[in-house]
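# Descriptive structure summary
Here is how the chains run, residue by residue.
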Amino acid sequence: MLAGRRVVLGVTGGIAAYKAVEVCRRLVDLGAHVVPVMTEDATRFVGEVTLSALASEPVQRSLWREQDPIPHTALGQQADLVVVVPATARFLGTYAAGISDGLLAATVLATRAPVVVCPAMHTEMWEHPAVQENLATLRRRGVHVVEPGSGRLAGGDVGTGRLADPVDIVAAVTARLARSGGADLAGVTVVVSAGGTREAIDPVRFITNRSSGKQGHAIADAAAARGADVVLVTTVARPVPAGATVVRVDTAAEMADAVLAAAEHADVVVMAAAVADFRPAVAAPVKLRKTDGPPQLVLEPTVDILAELGRRRRPGQVLVGFAAETGDPEERALQKLRSKGADLVVANDVAAPGSGFDGDTNAVTIYGADGRRTVVGLSSKGEVAGAVLDRVVACRAARGPDDVTPPTRSDP
Ligand code: PMT
């Protein structure tokens, strides 16, 4: 699966360093050429000999190897991907600050390959604003962060900061490599909806929401970059990917017509649009006058496009919904996942700073019908798009062509 891919495995000095050995073994089993790089502190936690024996080459630790005067640029330039397991608070700080204080730090600064970091540390350190700000900086620059889990930590404490499962780390590396390989959606038709719909009250007024279309367009861009044939149904005039079929719509009814028609030939449908749930039952044919007093608006429900897609789903088709929620979005997101027959629901807390409507960043949790959960901390909307498509690719790989999940009940 990873044959011919060159992965630099960086190991920094934390107790979770022993799990890097398992990551190394799994990557080698998948065919990757693994180049291990350890910091001096990492060697206090795991034996250099162990990693050298399991990796594809002996461990490198120093910038000053006699036979290779510039190992930091060579390692970074030749890598298809660099993964750091575990990434300590110190490593994240030096990386975010651009400080090249050793071979591993120099390698991540000198590479143009994708970089995946897997933080592990005590809860207090993980929650410290300095660490979180360094992570936010790295995410903004396109570094992929495999979030730590919760559980027992060194010394018996329990909390967030435990290194992600090696299986999940290898899945993230595999997905990232597939993405950088460029064509994991080649020949796949992906329909994406974007933007907020507008429901007319009269010829000049309408009901709408704050969606800018940025997240939906980012998904369309990312899908096109990965080789998909993209159909973008959008309410906004933003740049579109070259070669995409673009359908401009305004209302929920127009969006329903366009998406349901395109979905008949689609392998994947991603509903990132903020579709009005209700619209005025009757739009006034002429402009309402202020002198006539406040209008008495009677609203009626619109078509729930995602639920309808769930009912009409083609065999093998992957359906992705979004959930724009305030407060803890988990319960509502899981409810939407079940009730609409989607494979994935991407929950964004639209009240959290930097997340949701209009900005260039988002923070989401992707819930799968398979029970898997992917947390994507505050990142660019492009990064979120990549993470959503990684899950789409994983869904397509896991399912047979006749595997269709029907909706169980209607969304309240
Ligand atoms: O556009 P941006 O400014 O970049 O902001 C991005 C976003 C916040 C709009 C986006 O990330 C997002 O969350 N989109 C979904 C917003 C929404 O309508 O959420 P919802 O919880 O109301 O709807 C749930 C799902 O059902 C969504 O996939 C929605 O597209 C779909 N839906 C909703 C109503 C309806 N009548 N038909 C639908 O298909």
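Note: the structure precedes this text.
Quick summary incoming for the structure in this document. (Residues numbered from 1 in each chain as written. Predicted model: local features only at pLDDT ≥ 70, side-chain atom pairs only at ≥ 80, totals over all residues. Heavy atoms only, no water.)

### Comments concerning the packing of helix α10 (residues 252–263) against helix α11 (residues 305–312)
In the contact formed by α10 and α11, the axes pass within 10 Å of each other and the chain directions differ by 25 degrees. By the angle between their axes, α10 is roughly parallel relative to α11. In this structure, α10 meets α11 at a crossing whose hand is right-handed. In contact with A252, M255, A256, V259, L260 and A263 of α10, α11 contributes I305, E308, L309 and R312. Among the residues forming the contact of α10 with α11, the class breakdown is 8 nonpolar, no polar and 2 charged. (Axes fitted to C-alpha atoms, helices over the stretch in contact; angles between N-to-C directions. Helix = DSSP H or I, 4+ residues; strand = E, 2+ residues; numbered from the N terminus. Parallel < 35°, antiparallel > 145°, perpendicular 65-115°, else oblique. Left-handed = near helix turned anticlockwise from the far one by under 90°. Contact = heavy atoms within 4.5 Å. Nonpolar A, V, L, I, M, F, W, Y, C, P; charged D, E, K, R; others polar.)

### Examining the layout of surface pockets
Reported here for the largest pocket is a volume of approximately 1200 Å³. Together, 48 residues line the largest pocket, and D168, A171, A172, R372 and T374 are the ones closest to its centre. Mapped onto the lining of the largest pocket, the elements with two or more residues apiece are α1 (18–29), β5 (144–145), β6 (149–152), β7 (158–162), α8 (166–181), β19 (373–380) and α13 (381–398). Element by element, the count of residues in the lining of the largest pocket is highest for α8, at 11 residues. For the lining of the largest pocket, the domains that each give at least three residues are domain 1 (6–178) and domain 2 (184–399). The calculated volume of the second largest pocket comes to roughly 970 Å³. Elements with a contribution of two residues or more to the lining of the second largest pocket: α9 (214–225), α11, β16 (318–325) and α12 (330–339). (1 Å grid on protein atoms, 1.4 Å probe; cavity = no way out; pocket = protein on both sides within 12 Å on 5 of 7 lines; lining within 4 Å. Points joined across faces, edges and corners; volume = space filled by probe spheres on them. Domains from an automatic or database assignment.)

### A short note on the sheet that holds strand β2 (residues 33–38)
Taken together, the 5 strands give an open sheet; going across it, the order is β2-β1-β3-β4-β5, and neighbouring strands pair in parallel fashion. The open sheet has two edge strands, β2 and β5, and neither has a second partner. Here strand β1 (residues 6–11) pairs with strand β3 (residues 81–87) via 4 bridges, running parallel. Bridge pairing links G10 to V84 in β3. Where helix α4 (residues 89–97) meets the sheet, its contacts fall on β3 and β4 (115–119), and the angle it forms with β4 comes to roughly 145 degrees. (Pairing = 2+ DSSP bridges.)

### A closer look at the pattern of salt bridges
Any two side chains of opposite charge can pair, on the condition that their charged atoms come close. With the rule as written, the count across this model stands at 26 salt bridges. As a salt-bridge pair, D343 and R313 come within 2.7 Å of each other at their nearest N and O atoms. In this pair, D343 is assigned in the loop between α12 and β17 (344–349) and R313 in the loop between α11 and β16, connecting sequence segments 30 residues apart. On the accessibility criterion, D343 (6% relative accessible area) is buried. For R313, a relative accessible area of 7% translates into the label buried. Connected through shared salt-bridge partners, E22, R25, R26 and D29 make up one network. (Salt bridge = Lys/Arg side-chain N within 4 Å of Asp/Glu carboxyl O. Buried < 20%, exposed > 50% of the residue type's maximum accessible area, 1.4 Å probe, protein only.)

### Regarding unusual backbone geometry
Following V85, the chain continues into P86 via a peptide bond in cis, with omega recorded as -10 degrees. If you trace the backbone, P86 turns up in strand β3. If you check the backbone angles, D358 has positive phi at about 75 degrees while not being a glycine.

### A short note on the site of the ligand
Neighbouring the ligand are 29 residues; S211, S212, K336, N348 and D358 lie closest to it. In this structure, an oxygen atom belonging to the ligand sits 2.7 Å away from a main-chain N or O atom of A273. For the ligand, the accessible surface in isolation is 780 Å², of which the surrounding protein chains cover 95%. Using a 2 Å cut-off from the grid points, one finds that the ligand occupies the second largest pocket. Secondary structure elements with two or more residues in the shell around the ligand: α9, α11 and β16. Ranked by residues supplied to the shell around the ligand, first place goes to β16 with 4 residues. Counted by class, the shell around the ligand contains 13 nonpolar, 9 polar and 7 charged residues. (Near = heavy atom within 4 Å. Polar contact = N/O pair within 3.5 Å; in protein donor to acceptor, adjacent residues only side chain to side chain. Areas by Shrake-Rupley, 256 points an atom, 1.4 Å probe, with all protein chains shown as cover. Sits in = over half its atoms within 2 Å of the grid points.)

### As for α4
Within α4, 7 of the 9 residues are buried, which leaves it mostly tucked inside the rest of the structure. Residues of α4 that are buried: A89, F91, L92, G93, T94, Y95 and A96. Elements that come into contact with the buried residues of α4 comprise β3, α5 (103–110), β4, α6 (123–127) and α7 (129–140). Where α4 terminates, the next one or two residues include G98, which has phi positive at roughly 75 degrees.

Nothing here speaks to function; it is geometry throughout.
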